[in-house]
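So you can see what is in the structure, the chains are spelled out below.
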Amino acid sequence: MLTDVLTGWTAEALGGLTLLAGAAACGWLRRCRNQADLGAAPRIAPGEGVRPVRTYTLLGARAADGQPVHLPSSRPAGTRVIWSVPARTAEQFELTDAVLPDGTYAAERVAEYPERGAL
């Protein structure tokens, strides 16, 4: 009778230790694989490449020397950006896909906000 108890206990203990060792080995392999992937180049899905940097001309905005303001951005068309004017105002522009004769893209003025204390 004692032999049956010891034999049954030993088999269950060895089975449990085998499962525990297998789970630990799987976790270690997964961690090693994830760390190896961190050093690899980032994966880009097909058709989802890096957006090129475009130069936008802020329509109606002039720099201090009177030249048009150019803004490089990789954001898509339809994005709104805020440009701070040296005369204490902030202007909001929307980036477009319209190409100007100089080869830059147009950014249309949406709104102008005077800064606090400027009035």
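Residues numbered from 1 in each chain as written. Predicted model: local features only at pLDDT ≥ 70, side-chain atom pairs only at ≥ 80, totals over all residues. Heavy atoms only, no water.

A look at the overall build of the chain
Reasoning step 1: Along the backbone of the chain there are one helix and five strands.
Reasoning step 2: Of all 119 residues assigned to the chain, the portion counted as buried reaches 16%.
Reasoning step 3: A fraction of 30% describes how many contacts in the chain between residues 6 or more apart in sequence connect residues 24 or more apart.
Reasoning step 4: Accessible surface computed for the chain: about 9,300 Å², of which carbon and sulfur atoms make up 59%. (Helix = DSSP H or I, 4+ residues; strand = E, 2+ residues; numbered from the N terminus. Buried < 20%, exposed > 50% of the residue type's maximum accessible area, 1.4 Å probe, protein only. Contact = heavy atoms within 4.5 Å. Areas by Shrake-Rupley, 256 points an atom, 1.4 Å probe, with all protein chains shown as cover.)

Brief notes about the pattern of salt bridges
Between side chains of opposite charge, pairing is possible as soon as their charged atoms come close.
Reasoning step 1: Within the structure shown, the criterion is met by three salt bridges.
Reasoning step 2: Across the pair Asp 97 and Arg 54 runs a salt bridge, and its minimum N-O distance is 2.7 Å. One end of the pair, Asp 97, is in strand E4 (residues 89-99); the other, Arg 54, is in strand E1 (residues 54-62), and 43 residues separate them in sequence.
Reasoning step 3: Among the salt bridges present, the one from Arg 80 reaches Glu 94, with a minimum N-O distance of 3.7 Å. Taken as a pair, Arg 80 in strand E3 (residues 80-85) and Glu 94 in strand E4 lie far apart in primary sequence, 14 residues in all.
Reasoning step 4: Arg 80 sits in the partly exposed class, given a relative accessible area of 46%. (Salt bridge = Lys/Arg side-chain N within 4 Å of Asp/Glu carboxyl O.)

What to know about the side chain of Thr 96
Reasoning step 1: Inspection of the secondary structure assignment puts Thr 96 in strand E4.
Reasoning step 2: From its side chain, Thr 96 meets the backbone oxygen of Ala 106 in a polar contact 2.5 Å long.
Reasoning step 3: Ignoring anything within four residues of it in the chain, the contact list for Thr 96 reads Arg 54, Tyr 56, Ala 77, Tyr 105, Ala 106, Ala 107 and Glu 108. (Polar contact = N/O pair within 3.5 Å; in protein donor to acceptor, adjacent residues only side chain to side chain.)

Thoughts on the confidence of the model for the chain
Reasoning step 1: When pLDDT is averaged across the chain, the result is 77; 72% of the residues are at 70 or more.
Reasoning step 2: Mean pLDDT per element in the chain: helix H1 (residues 2-38) is the minimum at 74, and strand E2 (residues 68-73) is the maximum at 90. (pLDDT = per-residue confidence, 0-100.)

What to know about the packing of aromatic side chains
Reasoning step 1: Inspection of the entire model under this criterion finds one aromatic pair.
Reasoning step 2: Measuring from centroid to centroid gives 5.9 Å for Tyr 56 and Tyr 105, while their planes differ by 50 degrees, and the two rings are tilted. One end of the pair, Tyr 56, is in strand E1; the other, Tyr 105, is in strand E5 (residues 105-114), and 49 residues separate them in sequence.
Reasoning step 3: In this arrangement the basic side chain of Arg 54 is found over the ring face of Tyr 105, its NZ or CZ atom lying 4.1 Å from the centre. (Phe/Tyr/Trp six-rings, centres within 6.5 Å; stacked < 30°, edge-to-face > 60°. Lys NZ or Arg CZ within 6 Å of the ring centre and 35° of its normal.)

Quick word on the pairing of E1
Reasoning step 1: Bridge count between E1 and E2: six bridges; the pairing is antiparallel. In the sheet register, Tyr 56 faces E2, and the bridge partner there is Leu 71.
Reasoning step 2: Between the antiparallel neighbours E1 and E2 lie five residues, among them Gly 66 with a positive phi of about 90 degrees. (Pairing = 2+ DSSP bridges.)

Overview of the nonpolar core
Reasoning step 1: Grouped together as the largest cluster of nonpolar side chains are 10 residues: Tyr 56, Leu 58, Ala 61, Val 69, Val 81, Trp 83, Val 85, Phe 93, Leu 95 and Ala 107.
Reasoning step 2: Breaking this core down by element, the ones donating at least two residues are E1, E3 and E4.
Reasoning step 3: Residues in contact with Val 81, not counting those within four places in the same chain, are Leu 71, Arg 75, Glu 91, Gln 92, Phe 93 and Leu 95. (Core = buried A, V, L, I, M, F, W, Y, C linked by side-chain atoms within 4.5 Å.)

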